[in-house]
Amino acid sequence: MNKFTYQNPTRIHFGEGQIAAITNDIPKDKKVLVTYGGGSIKSNGVYAQVEAALADHQWGEFAGIEPNPQYDTLMKAVDMIKAEGYDYLLAVGGGSVIDGTKFIAAAASYEGEDPWNILAANEAVKAAVPLACVLTLPATGSENNMGAVVSRGKDKLAFMSPLVQPIFAVLDPKTTLSLSPRQVANGVVDAFVHVMEQYLTFPANAKVQDRFAEGLLLTLIEEGPKALATPDDMDVRSNVMWSATQALNGLIGVGVPQDWATHMIGHELTGNYGIDHARTLSIVLPAVMQERRADKEAKLLQYGERIFGITEGSVDERIDATIAQTITFFKQMEVPTRLSDVDLDASAIDTLVAGLEKHGMKALGEHGNIAIADSRAILEAAL
Ligand code: NZQ
Ligand code: ZN
């Protein structure tokens, strides 16, 4: 196990009715800007609960943060903060609203040339407006991590800063009941792949991280299909929500190698073709497993045995069966597993590879040995 320093400072309020906790968790002297997306929170009762919780606060709102939040939209909120003097942000929505609000928080305190450089030039964030969130879509883990992904046109880029990690996050599984089956499935698959990016690498003799990761994978495989089949089951919703939060809050990733190639290749699919984030991952991950089977052999065998009970056959047969089981799970979740499932063919690969090159994604994976040609091979394996 590698050495590490770990702290997760986000306070979690989990369970039905917990939106009320906002009242005491945001200081009364703060002027709060509530940020949200396209309006789902207006029709499912979440907005009304936030409104009630903020009855004694001074607050305003910024609506319209779109899925895969766009720089131009977010900069409008930055202008509003500067004009009206907000000093606390409350993001209410899914990963896009939370990520977008993280960027707003950093951009509102930015003193350089162009806040896009936080993403494009990896400029360190020096200050940010404090923020918290109410999560309505279990998927990204953004509610309790320091990362955010923002798009500007076809460029979809990520940044990280402890200054934008939410101070607290409300996780009320009941808010997820209004999600479409597509978004439920996307969330389960995104969380699953977050675990895989931190687990399916090479052994580091990190038994706690491995077994915790396997617990999350087993839970998502068990509960994910139930979330589609019995959508009103609150126990299922609760387990999915807590799994997604735990999948990307840093804990399973401490002291171990991490991959993230699937995500970086997936971002090009979203940036260029508008495919939902999770659906890019279910297309790319099986091809990464296939193409990187030599690098990942020991962990592929461990994953196959501990998650799917695969113990028979040669190494290659076991790995083949393990990849097939992973695809079966994705199919159960009704997400695409090949580029052809989203009507893309070989002609898309040049565009995707050019995007990876432009964004400096030339040494991906846990060994940093996935060069542009290897990403091309992964995309060809995903056709
Ligand atoms: O905008 P509204 O009207 O709220 O509708 C949203 C949106 O259309 C809807 N929705 C959310 N909660 C709902 C709901 N509809 C009904 N009932 C509810 N309770 O769902 C749609 C999708 O929302 P979005 O926030 O885009 O989805 P998700 O949470 O999957 O976030 C995806 C974004 O997060 C980034 C992705 O790249 C993508 O941009 N990621 C962020 C990460 C992080 N910060 O750590 C890690 C991830 O790997 C991921 O990259
Ligand atoms: Zn993701």
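Residues numbered from 1 in each chain as written. Chains lettered and ligands numbered in written order. Predicted model: local features only at pLDDT ≥ 70, side-chain atom pairs only at ≥ 80, totals over all residues. Heavy atoms only, no water.

Trainee: Residue-level account of the UniProt feature "domain: Fe-containing alcohol dehydrogenase-like C-terminal" (unreviewed entry) in the protein chain, with values.
Mentor: The feature "domain: Fe-containing alcohol dehydrogenase-like C-terminal" (unreviewed entry), as annotated in UniProt, sits at residues 185-354 in this numbering. Counting secondary structure, residues 185-354 comes out at 68% helix and 0% strand; the distance between its end C-alpha atoms is 30 Å. (UniProt positions renumbered as here; feature names shortened; annotations may be inferred. Helix = DSSP H or I, 4+ residues; strand = E, 2+ residues; numbered from the N terminus.)

Trainee: So what's going on with the coordination of the zinc ion (ligand 2)? Which residues, and what values?
Mentor: With distances of 2.0 to 2.2 Å, the protein atoms coordinating the zinc ion (ligand 2) are Asp190 (OD), His194 (NE2), His263 (NE2) and His277 (NE2). Read from N- to C-terminus, the donor residues coordinating the zinc ion (ligand 2) fall into the pattern D-x3-H-x68-H-x13-H. In this pair, Asp190 sits in helix α7 (residues 181-199) while His277 sits in helix α11 (residues 277-291), placing the two residues 87 residues apart along the sequence. Residue Asp190 is classed as buried on the basis of its relative accessible area, which comes to 2%. (Donors = N, O, S within 2.8 Å, 3.2 Å for Na, K, Ca; no water. Buried < 20%, exposed > 50% of the residue type's maximum accessible area, 1.4 Å probe, protein only.)

Trainee: Can you tell me about helix α8 (residues 207-229), naming the residues and giving the values?
Mentor: The α-helix advances 3.6 residues per turn, and as a result positions three or four apart in sequence lie on the same side. Look at α8: 33 Å from first C-alpha to last across 23 residues, which is about the 33 Å you get at 1.5 Å a residue. Where α8 bends most, the angle comes to about 25°, and this point is Ile221, followed within four residues by the proline Pro225. Taken as a whole, α8 has its buried residues at Gln209, Asp210, Ala213, Glu214, Leu216, Leu217, Leu220, Ile221, Glu223, Gly224, Pro225 and Ala227. (Expected span 1.5 Å × (residues − 1). Bend = angle between axes of the 7 residues up to and from the residue.)

Trainee: Tell me about empty space enclosed by the protein, and name the residues and values.
Mentor: Counted according to the given criterion, the structure contains three cavities of 30 Å³ or more. Reported here for the largest cavity is a volume of approximately 70 Å³. If you trace the largest cavity, you find 15 residues lining it, with Gln198, Tyr199, Asp210, Val256 and Lys299 closest to the centre. Of all the secondary-structure elements, those providing two or more residues to the lining of the largest cavity are α7 and α8. Element by element, the count of residues in the lining of the largest cavity is highest for α8, at three residues. Estimated volume of the second largest cavity: approximately 50 Å³. Around the second largest cavity, the lining residues are Pro138, Thr176, Leu179, Val184, Val188, Ala227, Arg237 and Val240. Going through the elements one at a time, α7 and α9 (234-247) are the ones with two or more residues in the lining of the second largest cavity. (1 Å grid on protein atoms, 1.4 Å probe; cavity = no way out; pocket = protein on both sides within 12 Å on 5 of 7 lines; lining within 4 Å. Points joined across faces, edges and corners; volume = space filled by probe spheres on them.)

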